Amino acid sequence: MSHAIAVAWSAPRLAAYGKCMLAVLTSNLALSLWQAVDGASKWNRALVVNHALRKYFKTLTGDNGPLLRRKQRIRAFSWNYFAPNKFNDPDSCHNSGINFLVVSNDTNDIVILRVTAPSYGQSASAVVLTHYSASSEGICLSRSIEQGSVFSEYTAKRATITRVSSSTWLNKPMLGDHGAADLRIWSSLIAFMFGSELAILRLDLDTISMNTEITIKRIELLNLEWTLDYTTTDRDIKGPLHWIETAVGSLFLQPLYYHITNSRWLRRPATILG
């Protein structure tokens, strides 16, 4: 027996009849995607995301049963929709994009999956593209615990990633062979709470668009710890994390505000979202 602990809609047109899929995370750490198969009231489970994690990590860990079970358990998730048009608008009828799922598992891996809509008699599918393993070194469940103590080491082993949130996609200009800016490189920020600490990764994506098809050339998940001018020692972060993009290229991360300047993310303490 289990119950739902988190739900979130995908972008439109991922499910049948051009509708959204509903991601449901349950207390048994299973993440399922549901769609209205008759376009109205009858809902069926399209797929279980945990199966994709098991298939991916089995190639890395082998048949280690206990470890593989932990690798496939999902603690938190966030939808991430990539659209190559200027406004990144998932409601545009001419827009074709990629639906990503960002999930964390029981061994504190951040995993990026691509979810493909059902078509031509084929069911929906999910495949893992890349992952990042977060280190528990220096992590505590509570900031009040003295670092370096036996109890802090004990709690670090039990700290988990409890919240995940991904931002919209922003252009990352890169110089081509002739010095011209190549705007095919996109970046999205992924914030997550690990124990009592806030961490941010950057997901870089290089694509090629042919008509309505988008091909991924490269996808890479990078640790942004060295560019983050922020410490959580003076602030206790509660509640969900949520990114908000402004028209001038700034990003709000509830409850903190970041602004991109010269490729660095700087905190403005005076601007807090309640």
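Please read all numbers here as calculations on a predicted model, not as lab measurements.

Procedures and definitions
- Residues numbered from 1 in each chain as written.
- Predicted model: local features only at pLDDT ≥ 70, side-chain atom pairs only at ≥ 80, totals over all residues.
- Heavy atoms only, no water.
- Helix = DSSP H or I, 4+ residues; strand = E, 2+ residues; numbered from the N terminus.
- Buried < 20%, exposed > 50% of the residue type's maximum accessible area, 1.4 Å probe, protein only.
- Contact = heavy atoms within 4.5 Å.
- pLDDT = per-residue confidence, 0-100.
- Expected span 1.5 Å × (residues − 1).
- Arc of directions from axis to C-beta.

Caption draft 1: Geometry of the overall build of the protein chain. Along the backbone of the protein chain there are 3 helices and 20 strands. Looking at the protein chain as a whole, 43% of its 274 residues are labelled buried. Pairs at least 24 residues apart make up 47% of the contacts formed inside the protein chain by residues separated by at least 6 positions.

Caption draft 2: The arrangement of the confidence of the model for the protein chain in detail. When the pLDDT values of the protein chain are averaged, the result is 77; 69% of them are 70 or greater. Every residue in residues 86-90 is under pLDDT 50, and counting partners more than four places away or in other chains gives 11 contacts. Taken together, the stretch residues 257-274 has pLDDT below 50 and engages in 46 contacts with residues farther than four places along the chain or on a different chain.

Caption draft 3: Quick peek at helix α1 (residues 49-61). In this model, α1 (13 residues) spans 18 Å end to end at C-alpha, consistent with the 18 Å of a helix rising 1.5 Å per residue. Regarding α1, the residues found buried are Val49, Asn50, Ala52, Leu53, Tyr56 and Phe57. For α1, the angular spread of the buried residues around the axis is 155 degrees, confining them to a single face. Opposite its buried face, α1 presents the exposed residues His51, Lys55 and Thr59, each directed more than 90 degrees away. Gly62 sits one or two positions beyond α1 and adopts a positive phi of about 75 degrees.

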